[in-house]
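Reading the structure
Here is what each chain is made of, one letter per residue.
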Amino acid sequence: MKKIAVITFTMIVALILIYLVSSGFRKETSAFIGEYSISEDGKEITMDIGVGSSIGYVRKAKIHKQEGGKLYMDCYSAFGGINGSIGAKKSFTLPLNEDTTIIAIYRNRNCYEEVLRKDADGVWRRIK
C-alpha cells in the first residue's frame, strides 16, 4: 500500500512539473512591441514586449530568421503554467542586419505579422 502511495505521489509531482515547465516552450501568439529604440550604429533594436491577452508573460524573444530584409521574431511564454511569470522579462535586444527593413512577430504556424518598417529615411515606424 505504501508503494502505491509513493508511485501516485511521484506521478502527481511529475505532472505538475510538466505543466509548469512546458508552458515556457510555447510560442506566444499575442505578443506585441511596445516602446522600441535602435542603437546609434543601427545594429541592434531594443524592444519592450508584452502580451495582448489577459494572461501570460514573455520570457524570450529570438530571431526565427533574418533574410531578404525581413527579421522574423518568435516570442516564448514564461514558465509557470498558463499565467506563469517565471523567467518573464519586458525588454529584449536583438541584432539587426544592415539590410533589415521589416520586423515581423509570430502569430501562428507559418504566419508572421509585419509590425515595424524602416522607411527610406532610415526611421523605424509601426505598420498599421
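Each remark here, short or long, concerns the structure printed above.
As a starting point, this report considers the structure included with it. Counting restarts for each chain: residues are numbered from 1 in the order of the written sequence. Two thresholds apply to this predicted model, a pLDDT of at least 70 for residue-level local features and 80 or more for giving and counting side-chain atom pairs, whereas whole-chain, interface and lining totals are computed over all residues. Note that the side-chain values use all heavy atoms of the structure and ignore hydrogens as well as water.

Locating Arg 107 in the fold gives a position in strand S6 (residues 102-108). Only protein chains enter the accessibility calculation, which uses a 1.4 Å probe. A residue is then buried if its area is under 20% of the maximum for its type, exposed if over 50%, and partly exposed in between. The buried category is assigned to Arg 107, whose relative accessible area is 19%. Here Glu 113 takes part through its side chain, which lies 2.7 Å from a polar atom of the side chain of Arg 107. Contacts: residue pairs with any heavy atoms within 4.5 Å of one another. Arg 107 has contacts with Thr 29, Ser 30, Ala 31, Tyr 112, Glu 113 and Val 115, leaving out every residue within four places of it along the chain. Under the scheme used here, helices are H or I runs from DSSP no shorter than 4 residues and strands are E runs no shorter than 2 residues, and both carry numbers assigned from the N terminus. Here a polar contact is taken to be a pair of N or O atoms separated by no more than 3.5 Å, where protein atoms must pair a possible hydrogen donor with a possible acceptor and residues adjacent in sequence count only if both atoms sit in side chains.

With that settled, the discussion passes to the state of the cysteines. Put simply, a disulfide is two cysteine sulfurs that come within 2.5 Å. Inspection of the entire model under this criterion finds 0 disulfides. Cysteine Cys 75 shares no disulfide, and the gap to the nearest cysteine sulfur, in Cys 111, comes to 14 Å. Accessibility expressed as a relative area gives 1% for Cys 75, which makes it buried.

As a further point, take the environment of Glu 44. Inspection of the secondary structure assignment puts Glu 44 in strand S2 (residues 44-51). The sequence separation of Glu 44 and Pro 95 amounts to 51 residues, and the corresponding C-alpha distance is 4.3 Å. In this structure Glu 44 touches Ser 37, Ile 38, Ser 39, Thr 93, Leu 94, Pro 95 and Leu 96, once residues within four positions along its chain are discounted.

Let's shift gears to the nonpolar core. Working definition of a nonpolar core: buried Ala, Val, Leu, Ile, Met, Phe, Trp, Tyr and Cys residues. They are joined through side-chain atoms within 4.5 Å. With 19 residues, the main nonpolar core has Ile 33, Ile 49, Met 73 and Ile 103 as its most contacted residues. Within the residue set of this core, elements represented by two or more residues are strand S1 (31-38), S2, strand S3 (58-67), strand S4 (70-77), strand S5 (91-95), S6 and strand S7 (111-118). Residue contributions to this core peak at 4 residues, all from S2.

Moving on, we come to the sheet that holds S2. On the basis of which strands lie adjacent, the open sheet formed by 3 strands has the order S1-S2-S5 and antiparallel pairing. This sheet does not close on itself; its edge strands, each paired only once, are S1 and S5. Neighbour-to-neighbour, the strand axes of this sheet turn through a mean angle of 35°, independent of strand direction. Strands are treated as partners if at least two bridges between them are detected by DSSP. As paired strands, S2 and S5 are joined by 5 bridges and run antiparallel to one another. Here an angle of 0 to 180 degrees is reported between the N-to-C directions of two axes, which are lines fitted to C-alpha atoms, with helices fitted over the stretch in contact.

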